[in-house]
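# Residue-level structure breakdown
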Amino acid sequence: MRAAYILFRRELALAWGGGGGPLLACGFFACLTTVVPLAAGGDPNVLKPVAAGIAWLALALSSLLSLERLFERDLEDGALDLLATGPLPLEAVFAIKAVSQWIATGLPLALTAPVAALALGQSIELAPLTALSALIGGLGFAFTGALGAALALGAKRGGLLIAVVVLPLFIPPVVFGSGALDRAAAGLSPLSALALLTAYVLFAAVIAPPAGAAAIRSAQG
Amino acid sequence: MISTLSITDLRLARGERTLFSALSFAASSGEAVALTGANGAGKTSLLRAIAGFIRPEAGTIVFRETDDEPIEADLARAHQVHLLGHLDGLKGQQTARDELMFQSQWLGHSHHGIEEAIDTLGLKPLLDLEVRKLSAGQRRRLALARLIGSPRALWLLDEPLSPLDARWREVVGAMMVRHLADGGLILAAVHDPLPIPTRPLDLGTGR
């Protein structure tokens, strides 16, 4: 347990130190949602119905940004070898890295999401739900994204490969997340969509660690 | 604690190429083995195979307790094996202190081990510097510190002395002598001889 805490604290320090990855993701997110009204015209009647969808699309894309660094750097500088000779199995190392990716990137993005959706014309009552669903979805993005990053280890142009592998896996959370917001906007209960979103996240959290650990082992061999 | 490492009929391959086959040797506590051989003979691969990163094509790698009972390989690797290669896992943007603390704590530090590592390897003036500002020799000393910071029986070292000057080579030699006296094992891939008595193991010419 102590080892898990030590690794978790270190991963957070690395994510926040040196380059400010989380701020970068939030900035990218803000840029994306700013470009949409400029491209589609500023008419609130056009933007309001698609605000939730655009916010979720931007969320998914912003979550991709720091994935390339998640394992690739550790493989290049030997830190992955060090992590593999530690007391925790690689599956646990993978899960800890995914959770710290969520805290470092998903949490700031979840806080940015309501602001961006508001700017696109979403009503303010939906802001808490937007943040909540983005937070839950972010955990799913972190686990599936980390799996993609592990699978792309050692590949040339890994960043692009990660995007191609991972974006299809991001479709379900995007559908359920924006669906929850749409239902709430229409005055229906968003709980069913949130439940599906949570189910997807739990599924990803169970499947990704063993698969990711296997991918890392094959990259180390 | 690991007291014997025995390797029987080991065959390692990288891709299609067989590095070596039918390699057998045993090392027991208090013994240092110097692994020599030409570039590409498979020294690093052998160390990585013992550390569990490369699956052998054939043969076995067994760790044994003092009472000759085999230790489960994963367990032995998770708690009793140090692998220190060319890549030290140090992060450039972190301070030397952060890195030393993390590496030692992660691998299971002893309470006074970290202090001792700082003293032995003269790291005190370096602790507040970012790792990227260290010279190659200073960086290697920082990486070697985890050997003392977290006591583990088997040291797998890949060219441990290469960037060090004569003074620090001697210090590391003394570190190794003490580790062996405490019942540890060392397996080091080297081109220059180590400053301690070793048993040679030659992997041949490579190709």
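Rules used in this analysis
- Residues numbered from 1 in each chain as written.
- Chains lettered and ligands numbered in written order.
- Predicted model: local features only at pLDDT ≥ 70, side-chain atom pairs only at ≥ 80, totals over all residues.
- Heavy atoms only, no water.
- Contact = heavy atoms within 4.5 Å.
- Buried area = accessible area lost by both parts, 1.4 Å probe.
- Salt bridge = Lys/Arg side-chain N within 4 Å of Asp/Glu carboxyl O.
- Polar contact = N/O pair within 3.5 Å; in protein donor to acceptor, adjacent residues only side chain to side chain.
- Helix = DSSP H or I, 4+ residues; strand = E, 2+ residues; numbered from the N terminus.
- Nonpolar A, V, L, I, M, F, W, Y, C, P; charged D, E, K, R; others polar.
- Buried < 20%, exposed > 50% of the residue type's maximum accessible area, 1.4 Å probe, protein only.
- pLDDT = per-residue confidence, 0-100.
- Phe/Tyr/Trp six-rings, centres within 6.5 Å; stacked < 30°, edge-to-face > 60°.
- Expected span 1.5 Å × (residues − 1).
- Arc of directions from axis to C-beta.

Another point: the interface of chain A and chain B. If you look at the interface, chain A gives 27 residues, while chain B gives 23 residues. Each partner contributes to the roughly 2200 Å² buried at the junction of chain A and chain B, and carbon and sulfur atoms together form 59% of this total. On inspection of chain A and its partner chain B, the count reaches 4 salt bridges. The salt bridge partner of B:Arg48 is A:Asp81, with a shortest N-O separation of 2.7 Å. Linking chain A to chain B there are 9 residue pairs in polar contact (both at pLDDT 80 or more). Elements with a minimum of two residues in the side of chain A that touches chain B: helix H1 (2–16), helix H4 (67–77) and helix H5 (79–84) of chain A. Broken down by element, the residue count for the side of chain A that touches chain B peaks at 7 residues, all from H1(A). Here the side of chain A that touches chain B is composed, by residue class, of 12 nonpolar, 7 polar and 8 charged.

In this structure, A:Ala211 sits in helix H9 (residues 191–220). C-alpha separation for the pair A:Ala211 and A:Val115, spaced 96 residues apart in sequence, amounts to 35 Å.

The next point concerns the pattern of salt bridges. Inspection of the entire model under this criterion finds 14 salt bridges over all chains. Among the ionic pairs, B:Glu99 bridges to A:Arg10, the shortest N-O distance being 2.5 Å. Of this pair, B:Glu99 sits in helix H3 (residues 96–106) while A:Arg10 sits in helix H1, placing the two residues on different chains. One exposure class covers both B:Glu99 and A:Arg10, and it is buried.

Moving on to unusual backbone geometry. Residue and element names in this part refer to chain B. Positive phi outside glycine occurs at aspartate 9, with the angle close to 50°. Relative to the elements of secondary structure, aspartate 9 occurs in strand E1 (residues 4–14). Its relative accessible area of 49% is what places aspartate 9 among the partly exposed residues. In the Ramachandran plot, glutamate 159 falls in the positive-phi region, its phi being about 50° despite a non-glycine side chain. Along the polypeptide, glutamate 159 turns up in the loop between strand E7 (154–158) and helix H6 (166–181).

This part is about the confidence of the model for chain B. The predicted coordinates ought not to be read in detail in places where the model reports low pLDDT. When pLDDT is averaged along chain B, the result is 90, and 99% of the positions lie at 70 or above. ipTM for the predicted complex: 0.91, alongside a pTM of 0.93.

So, on to the environment of A:Ala52. All names here are of chain A. Tracing the sequence through the fold places alanine 52 in helix H3 (residues 44–64). Assessed through its relative accessible area of 4%, alanine 52 is described here as buried. In this structure the C-alpha to C-alpha distance between alanine 52 and alanine 180, which are 128 residues apart in sequence, comes to 9.1 Å. Those residues in contact with alanine 52, other than ones at most four positions away along the chain, are Gln122, Ser178, Leu181 and Asp182.

The next point concerns the side chain of B:Arg48. Turning to its location among the elements, B:Arg48 is positioned in helix H1 (residues 43–50). Classification of B:Arg48 by relative accessible area gives buried; the value is 16%. Those residues in contact with B:Arg48 that lie beyond four places of it in its chain are A:Asp81, A:Gln220, B:Phe53, B:Ile54 and B:Leu83.

We now examine the packing of aromatic side chains. Residue and element names in this part refer to chain A. Overall, the coordinates contain 4 aromatic pairs over all chains when judged by the stated rule. Where phenylalanine 141 meets phenylalanine 170, the ring centres are 4.3 Å apart and the plane angle is 40°; that geometry is what we call tilted. You can see phenylalanine 141 sitting in helix H7 (residues 127–151) and its partner phenylalanine 170 sitting in helix H8 (residues 158–185), a full 29 residues away along the chain. One exposure class covers both phenylalanine 141 and phenylalanine 170, and it is buried.

Quick look at H6(B) now. In an α-helix there are 3.6 residues to a turn, and that puts residues three or four apart on one side. All names here are of chain B. The end-to-end C-alpha separation of H6 is 23 Å, in line with the 22 Å expected for 16 residues at 1.5 Å each. Among the residues of H6, those classed as buried are Trp168, Val172, Gly173, Met175, Met176, His179 and Leu180. Down the axis of H6, the buried side of the element spans an arc of 160°, and every buried residue falls inside it. Opposite the packed face of H6, turned more than 90 degrees from it, sit the exposed residues Ala166, Arg167, Glu170 and Ala181. Those residues of H6 hidden inside the fold are in contact with strand E3 (32–36), helix H4 (113–120), helix H5 (136–149), E7 and strand E8 (185–189). In the segment just after H6, glycine 183 is the residue with positive phi, at about 95°.

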